[in-house]
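Below are the chains, spelled out letter by letter.
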Amino acid sequence: MFKKAVEAKAQQRLSGADRKKLKRTIRDRFPRASDADIDALLPPKAEITVSKFQNRVHVYGVEGGFPLFFDVDGRGSEIYPTVFALWKLPEMLPYFMLKGGEVSRFVIGGADLMFPGISVAADGLPSFSASEPWAVKVPGNPAPIAVGSTTMSSAEALKAGLRGKALRIMHYYRDLLWESVEGHYVPNSGFLEDVVLEDPSFLASNQPSDSSEGATCESDVQQSCVNNENTEGSVDVNGAISDACAASMQNDSENAAKEITTDASDLKSTANVDAAKLDIELLSLSIEDVDSHLDRCLLQALHTTVKDKDLPMPGSTLWSNHVLPCRPSGITLDIKKSSHKKLSKWLQAKSSTGLITVKEDKYKKEAMLISVNRGHPEYLQFKPEKRLVEKVVQAGDSAASESRSQKALEVVEVYKSSVHVNPIFASVGADTGKLYSASEATDIVFKYIEKENLVKQTNKATVVLDATLCDALFKGAIKKGSTYPTEIHKKDLGATFINRMQAHHMVTRGGESVVRKGVLKTVQIMTERRQGNKKVTKVSGLETFLIDPEALASELQKKFACSTTVAELPGKKGLEVLIQGGVIDDVARHLLEQYGIPKRYIEVLDKTRK
């Protein structure tokens, strides 16, 4: 959900009515939280703000404070607490306990939670339904590290032998929602007293040690305490570090190491990485080593992932999305353990050498990467490493995965050149009859800008419009008599260029794929009354998502124990499925869970409700 940086379109305060509505929604969705708990998170007299993002996500929080809740589709039906909120109210959600810190590495790396990584209590798996909000915890730490939605019910999980995906992770510790908050301190929750989080290793570095039981105990304790360089010791979450050590020494360390290694092998499989490499012990780096790794990771990122079209770029985005992914395997980079201590100071130091240009955003108070000097000697002398992209293989039942792959749906928006942008394509030698993704189309316009040298010298974030580019972007779109713009910001250029192209969509299900012109049409589900006050539910638009109406009618007939028929749409092309009974919500849920149709592509209309 928050793996990629998405800018907020708007931020506003909630009115009194909207505040009450939000609290009612939270109270209904999270029955474990009392009215006093909700008031502790959202005080009655505090101003509540909502940030609306381009991907339809709404994020709620107290003004000037932390984000506390986020709504996946902006409709209030899928609202979740953030990690910040769960640290104040840890029991707000039921939770899955991980088997060990090795598994937590994958969760806070953005992977979904698999059943083999969950520690099941002696009394068995707790009861839960599909699409329920659950949290994730590590042993010995009451503070949840992630929140997500269950992919199946407990009954289905037991039937599948506790294999496959258990929780679809929506938000986790140190994702981009977390990184968007400056300071990164733990809110006062009664068990953590405003502790500064210096290093996430207390969550992820619980790896078996080859030295001794004492070292293993020390690694285990890192899960349940937070290190703070500014204090003399460390904060114990459960009350006593010595108790945690004593308890861990009673366990068989060899069996625990084997169990954790087995769980990790279920979660991750890499082409050229041996399973033994998963147990690499984190190296203790000196200040000089950290500085050296930082410089190499920055150069690797500048060569491989940082593109000129993405500039200017916030320093936090450069760090989390580009520098950290370039660090060597088994190395944990912490800017506070370098000689610079702060990200902004490190970037300013690299700017003083002439490798990059950095300026401070006076509004966000954050260092911004403005440009990269690709002719700098340090840049030219560095040879980037070629690394294989590691793909996480989700362990699961093979039969279930095959059935999912047959019904797996993929919807991609693609674009084709139009009369407006044909001169741009012709200038850079691009094929005007080919379909392009949004990123590929954006690359073409930036190639034209680079070819014609249209970047404004005094402001690298601005593009000067020549006659050809101005016509491509604005000809026919501006009223007569109005003045055409002479410049455009880089962040607005891509969307404007794509809007001038012909929109298409590609739908793929299993081995079948189809490309259609125009915007993707939705599936319509409608319930109406017939003679004798009987209800009938109609489903149309199934062909758009490569669903056979006859096959769906047969499925629904068995599922709902009712009669179904398939008929042609009156006055239109296509077929519709007619189902006896008012099963509008059940049909929508079936299309969502079994056929993977996103909610935004399902249109529901119940004519029987007043």
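Remember, it's a predicted structure, so these values are computed and weren't measured experimentally. Position numbers for residues start from 1 in each chain and track the written sequence from start to end. In view of the model being predicted, local features appear only for residues whose pLDDT reaches at least 70, and side-chain atom pairs are presented and counted only at 80 or more, with totals across whole chains, interfaces and linings using the full set of residues. Neither water nor hydrogens contribute to the side-chain values; these are computed over all heavy atoms in the structure.

### Notes on the confidence of the model for the protein
A score from 0 to 100, pLDDT tells how confident the predictor is in each residue. Within the protein, residue pLDDT values average 77, and 78% of them lie at 70 or more. Here, two residues are considered to be in contact whenever any of their heavy atoms come within 4.5 Å of each other. Contacts of residues 182-283 to residues separated by more than four positions or lying in other chains number 174 contacts, the stretch itself having pLDDT below 50. A low-confidence stretch, residues 388-406 stays under pLDDT 50, and its non-local contacts, those more than four residues away or across chains, total 21 contacts.

### Section: the packing of aromatic side chains
Pairing of aromatic rings covers Phe, Tyr and Trp, the last through its six-membered ring, and needs centres within 6.5 Å; plane angles under 30 degrees mean stacked, over 60 mean edge-to-face, and all others mean tilted. Under the counting rule described, the total for this entry stands at eleven aromatic pairs. Here the aromatic rings of Phe545 and Tyr601 are separated by 5.8 Å at their centres, their planes lie at 45°, and the arrangement is tilted. Taken as a pair, Phe545 in the loop between β23 (534-540) and α20 (549-560) and Tyr601 in the loop between α21 (584-594) and β26 (602-606) lie far apart in primary sequence, 56 residues in all. The burial state of Phe545 is the same as that of Tyr601; both residues are buried. Put simply, the rings of Phe96, Phe128 and Trp134 pair up and form one aromatic cluster. Comment: elements are numbered from the N terminus, with helices defined as DSSP H or I runs of at least four residues and strands as E runs of at least two. In this scheme, a residue with accessible area under 20% of its type's maximum is buried, one over 50% is exposed, and one in between is partly exposed, where area comes from a 1.4 Å probe on protein chains only.

### Some remarks on the sheet that holds strand β21 (residues 512-517)
What makes two strands pair is DSSP finding at least two bridges between them. One open sheet holds the four strands; their spatial order is β17-β16-β20-β21, and the pairing between them is antiparallel. If you trace the sheet from one side to the other, it starts and ends with β17 (435-436) and β21, each paired once. Here strand β16 (residues 409-416) pairs with strand β20 (residues 502-509) via eight bridges, running antiparallel. Directly across from Glu413, in β20, lies its bridge partner His505.

### Points about the pairing of strand β15 (residues 366-372)
Of all the seven residues making up β15, seven are buried; the element is thus mostly covered by neighbouring parts of the structure. Here strand β13 (residues 313-314) runs beside β15; their pairing, made up of two bridges, is antiparallel. Note that in β15 the partner of Pro314 across the bridge is Met368.

### Remarks on the pattern of salt bridges
What makes a salt bridge here is a side-chain nitrogen of Lys or Arg within 4 Å of a carboxyl oxygen of Asp or Glu, nothing more. Scanning the entire structure with this criterion turns up 13 salt bridges. Its salt-bridge partner being Asp295, residue Lys350 comes within 3.5 Å of it at the nearest N-O pair. Within this pair, whereas Lys350 is found in helix α13 (residues 343-352), its partner Asp295 is found in helix α11 (residues 287-304), the two being separated by 55 residues in sequence. On the basis of relative accessible area, Lys350 is assigned to the buried category, the value being 8%. Salt bridges linked by common partners bring Asp295, Lys350 and Glu378 together as one network.

### Some remarks on the sheet that holds strand β9 (residues 146-150)
The strand order across the open sheet formed by five strands is β6-β8-β9-β10-β7, and the pairing between neighbours is mixed. Of all strands in the sheet, those bounded by a partner on one side alone are β6 (95-97) and β7 (113-114).

### Brief notes about the state of the cysteines
Put plainly, a disulfide is one covalent bond tying together the sulfur atoms of two cysteines. When two cysteine sulfur atoms are found within 2.5 Å, that pair is recorded as a disulfide. Applying the stated criterion across every chain yields a total of zero disulfides. Cys326 carries a free sulfur, and the closest cysteine sulfur to it, the one in Cys297, is 6.3 Å from it. Since its relative accessible area comes to 7%, Cys326 is described here as buried.

### Here we look at the packing of helix α12 (residues 315-323) against α13
Angles run from 0 to 180 degrees between N-to-C directions of axes, and those axes are lines fitted to C-alpha atoms, restricted for helices to the stretch in contact. Two elements in contact, α12 and α13, have axes separated by 10 Å at closest approach and are oriented at 85°. Considered as vectors, α12 and α13 are oriented roughly perpendicular to each other. In contact with Gly315, Ser316, Leu318, Trp319 and Val323 of α12, α13 contributes Leu343, Trp346 and Leu347. Residues belonging to the contact of α12 with α13 are distributed by class as follows: six nonpolar, two polar and no charged. Should an angle fall under 35 degrees it is taken as roughly parallel, and over 145 as roughly antiparallel, whereas 65 to 115 is taken as roughly perpendicular and any remaining angle as oblique. Charged residues are taken to be Asp, Glu, Lys and Arg, nonpolar residues to be Ala, Val, Leu, Ile, Met, Phe, Trp, Tyr, Cys and Pro, and polar residues to be all remaining types, Gly included.

### Considering α20
Its twelve residues give α20 an end-to-end C-alpha distance of 16 Å, which sits within 8% of 16 Å, the value for a rise of 1.5 Å per residue. Those residues of α20 hidden inside the fold are in contact with β24 (564-568), β25 (575-580) and α21. Between N or O atoms, a polar contact is any pair within 3.5 Å; within protein, one atom must be a potential hydrogen donor and the other a potential acceptor, and residues adjacent in sequence are included only when both atoms are from side chains. N-cap assignment for α20: the residue whose side-chain oxygen lies 3.2 Å from the backbone N of Glu550 is Asp548. Immediately downstream of α20, the backbone of Ala561 shows phi near 55°, a positive value. Given the number of residues in a helix, its expected span is that number minus one, multiplied by 1.5 Å.

### Observations regarding the nonpolar core
For our purposes a nonpolar core is just a set of buried Ala, Val, Leu, Ile, Met, Phe, Trp, Tyr and Cys residues, chained together by side-chain atoms within 4.5 Å. Of all hydrophobic cores here, the largest spans 33 residues; its most connected members are Leu22, Ile26, Leu41, Leu42, Phe69, Phe70 and Met92. At the level of elements, α1 (16-29), α2 (35-41), β2 (48-53), β3 (58-62), β4 (67-71), β5 (79-81), α3 (83-88) and α6 (176-179) are the ones that each hand at least two residues to this core. Discounting residues that sit within four places of it in the chain, Leu42 has contacts with Leu22, Lys23, Ile26, Ile48, Val62, Leu68 and Phe69.

### Remarks on the pairing of β25
Sheet topology note: the β23/β25 ladder contains five bridges and is antiparallel. In the sheet register, Val539 faces β25, and the bridge partner there is Val577. When β24 meets β25, the two strands line up antiparallel, connected through five bridges. Among the inter-strand pairings, Thr564 is bridged to a residue of β25, identified as Ile579.

### Points about the environment of Ser119
If you trace the backbone, Ser119 turns up in the loop between β7 and β8 (133-137). Relative accessible area serves as the criterion here: at 37%, Ser119 is assigned to the partly exposed category. Through-space distance from the C-alpha of Ser119 to that of Leu98 is 5.3 Å; in sequence the pair is 21 residues apart. In contact with Ser119, other than residues within four places in its own chain, are Met97, Leu98 and Lys99.

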